[in-house]
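In case you want the letters, here they are:
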Amino acid sequence: MKVGIIGYGSMGKMLLWKFSEKGSVISEDLYAFNRTIEKLDEAGQIAQIVSAKELASVCDIVFVCVRPADIKTVLEDIKDSLKEGALLVSLNGSVSFESIRATLDCKTAKVIPSLTAEIGRSQTLVCYNDKVTDADKSALKELLTSIGDVIELPENEMGMGSELVSCMPGFIASIFDVICNSAKKHTRIPDDQIVRMVLQTMSATGDLMLQKDMTFEDVVTRVATPGGITEEGTKVVYSDFPETADLLFEKTLEKRRKTASKT
Ligand SMILES: NC(=O)c1ccc[n+]([C@@H]2O[C@H](COP(=O)([O-])OP(=O)(O)OC[C@H]3O[C@@H](n4cnc5c(N)ncnc54)[C@H](OP(=O)(O)O)[C@@H]3O)[C@@H](O)[C@H]2O)c1
């Protein structure tokens with residue numbers, strides 16, 4: 001099975017190198033193209049660097065890893081050369097199957113990886129249009145397990161699903177950045193040590209909850225004894241943070257709707 005990647009930015013580069021590192025696709029069967037083609041010089045040993053048209057004409061699975069505003073250009077470029085029966089995979093959660101079909105009517109999947117794929121722990125979201133067969137789904141799923149777990153969702157849940165796994169590393173990083181900056185005002189512990197302490201605790205709390213099947217409430221109850229110090233802090237979070245969290249999702253989902261309407 002030949003696999004092609006169009007767009008060698010954050011996501012395309014990650015997928016290309018992961019598929020190669022994990023041995024999911026041998027270099028003879030791995031193809032890549034990027035608008036600024038020189039960026040692919042570093043990938044010459046792990047993939048065949050070809051034009052988008054050539055890539056589309058030989059690959060069984062074609063990943064389109066470009067920003068939403070560039071997707072139509074790519075589809076126009078490859079629409080007459082796409083191999084018969086090939087599976088087109090868009091990495092964007094906002095661009096609908098309907099708008100893709102307006103340019104290229106073919107088997108299509110949407111795949112949303114997370115940055116945590118870098119350490120093989122992506123929660124990759126996937127959905128399919130009605131042309132995709134069970135065999136196509138299995139082939140794609142097998143490929144994606146090289147970067148972590150795969151979660152199938154209906155197309156109409158890909159937006160919110162993306163917020164929860166793909167945007168979430170950014171949300172988590174920014175929330176804990178704010179917390180660390182606030183902590184720094186009250187201590188002489190070096191900044192980098194504060195960040196490491198919080199990160200290790202954050203990561204261990206997640207593992208604890210997953211391994212012991214604990215809920216957020218379980219953790220809060222175990223740590224925040226009534227009348228104690230932790231409870232003072234958790235009360236602030238539960239009273240003041242919900243408004244910020246609601247605003248966060250209102251803004252991101254609104255942006256998602258605007259992006260979808262422009263493509
Ligand atoms: N970043 C994430 O965490 C993440 C997670 C899930 C999904 N996604 C989605 O994945 C897609 C790609 O995101 P990204 O973060 O990888 O973007 P990115 O870093 O900006 O990379 C986009 C790449 O697409 C290339 N490109 C643009 N137009 C092209 C064309 N016509 N033909 C070939 N290559 C072209 C660009 O080439 P140049 O070098 O010429 O600029 C660039 O290398 C987006 O739709 C995004 O929503 C991203």
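Residues numbered from 1 in each chain as written. Predicted model: local features only at pLDDT ≥ 70, side-chain atom pairs only at ≥ 80, totals over all residues. Heavy atoms only, no water.

Caption draft 1: Spatial organisation of the overall build of the protein chain. Each helix and strand in the protein chain was counted, giving ten helices and eight strands. Counting only C-alpha atoms, the protein chain reaches 70 × 35 × 35 Å along its principal axes. Across the 263 residues of the protein chain, 37% fall into the buried class. A separation of at least 24 residues holds for 62% of the contacts in the protein chain among residues at least 6 apart in sequence. Carbon and sulfur atoms make up 54% of the accessible area of the protein chain, which totals about 15,500 Å². Counting 31 positive and 39 negative side-chain charges, the protein chain places the averaged centre of each group 3 Å from the other. (Helix = DSSP H or I, 4+ residues; strand = E, 2+ residues; numbered from the N terminus. Buried < 20%, exposed > 50% of the residue type's maximum accessible area, 1.4 Å probe, protein only. Contact = heavy atoms within 4.5 Å. Areas by Shrake-Rupley, 256 points an atom, 1.4 Å probe, with all protein chains shown as cover. Lys, Arg positive; Asp, Glu negative; His and termini not counted. Charge placed at Lys NZ, Arg CZ, Asp CG, Glu CD.)

Caption draft 2: Fine view of the packing of aromatic side chains. According to the stated counting rule, one finds two aromatic pairs in the structure shown. Their ring planes at 50° and their centres at 5.6 Å tell us that F19 and F63 sit as a pair that is tilted. On the criterion of sequence distance, the pair formed by F19 in helix α1 (residues 10-21) and F63 in strand β4 (residues 61-64) is long-range, its members being 44 residues apart. Exposure class is identical for F19 and F63. Each is buried. (Phe/Tyr/Trp six-rings, centres within 6.5 Å; stacked < 30°, edge-to-face > 60°.)

Caption draft 3: Quick peek at the nonpolar core. By size, the foremost hydrophobic cluster in this structure holds 31 residues, and its most contacted members are L15, L16, F19, F63, V89 and L140. Filtering out sequence-adjacent residues up to four positions away, F19 remains in contact with V3, I5, S24, V25, L30, F63, L143 and S146. By size, the runner-up hydrophobic cluster in this structure holds 21 residues, among which are A56, V64, V66 and I78. (Core = buried A, V, L, I, M, F, W, Y, C linked by side-chain atoms within 4.5 Å.)

Caption draft 4: Spatial organisation of helix α10 (residues 229-262). Its 34 residues give α10 an end-to-end C-alpha distance of 50 Å, which sits within 8% of 50 Å, the value for a rise of 1.5 Å per residue. The largest bend along α10 reaches roughly 45° and is located at F241, with the proline P242 sitting one to four residues downstream. Within α10 the residues assigned to the buried category are T234, T252 and R256. At its buried positions, α10 is contacted by α6 (158-165), α7 (168-184) and α9 (216-223). (Expected span 1.5 Å × (residues − 1). Bend = angle between axes of the 7 residues up to and from the residue.)

Caption draft 5: Inspection of the site of the ligand at higher detail. Among the 22 residues in the neighbourhood of the ligand, the closest are listed as M11, N34, T36, K39 and R67. Here an oxygen atom of the ligand sits 3.5 Å away from a polar atom, N or O, in the main chain of Y8. Here S10 contributes a backbone N or O atom positioned 2.9 Å from an oxygen atom of the ligand. Cavity membership is defined here by more than half of the atoms lying within 2 Å of grid points; on that basis the ligand lies in the second largest pocket. Put simply, the parts of the chain that give the shell around the ligand at least two residues each are α1 and α3 (68-78). Of the residues in the shell around the ligand, the class split is eleven nonpolar, seven polar and four charged. (Near = heavy atom within 4 Å. Polar contact = N/O pair within 3.5 Å; in protein donor to acceptor, adjacent residues only side chain to side chain. 1 Å grid on protein atoms, 1.4 Å probe; cavity = no way out; pocket = protein on both sides within 12 Å on 5 of 7 lines; lining within 4 Å. Sits in = over half its atoms within 2 Å of the grid points. Nonpolar A, V, L, I, M, F, W, Y, C, P; charged D, E, K, R; others polar.)

On their own, these measurements won't tell you what the molecule is for.
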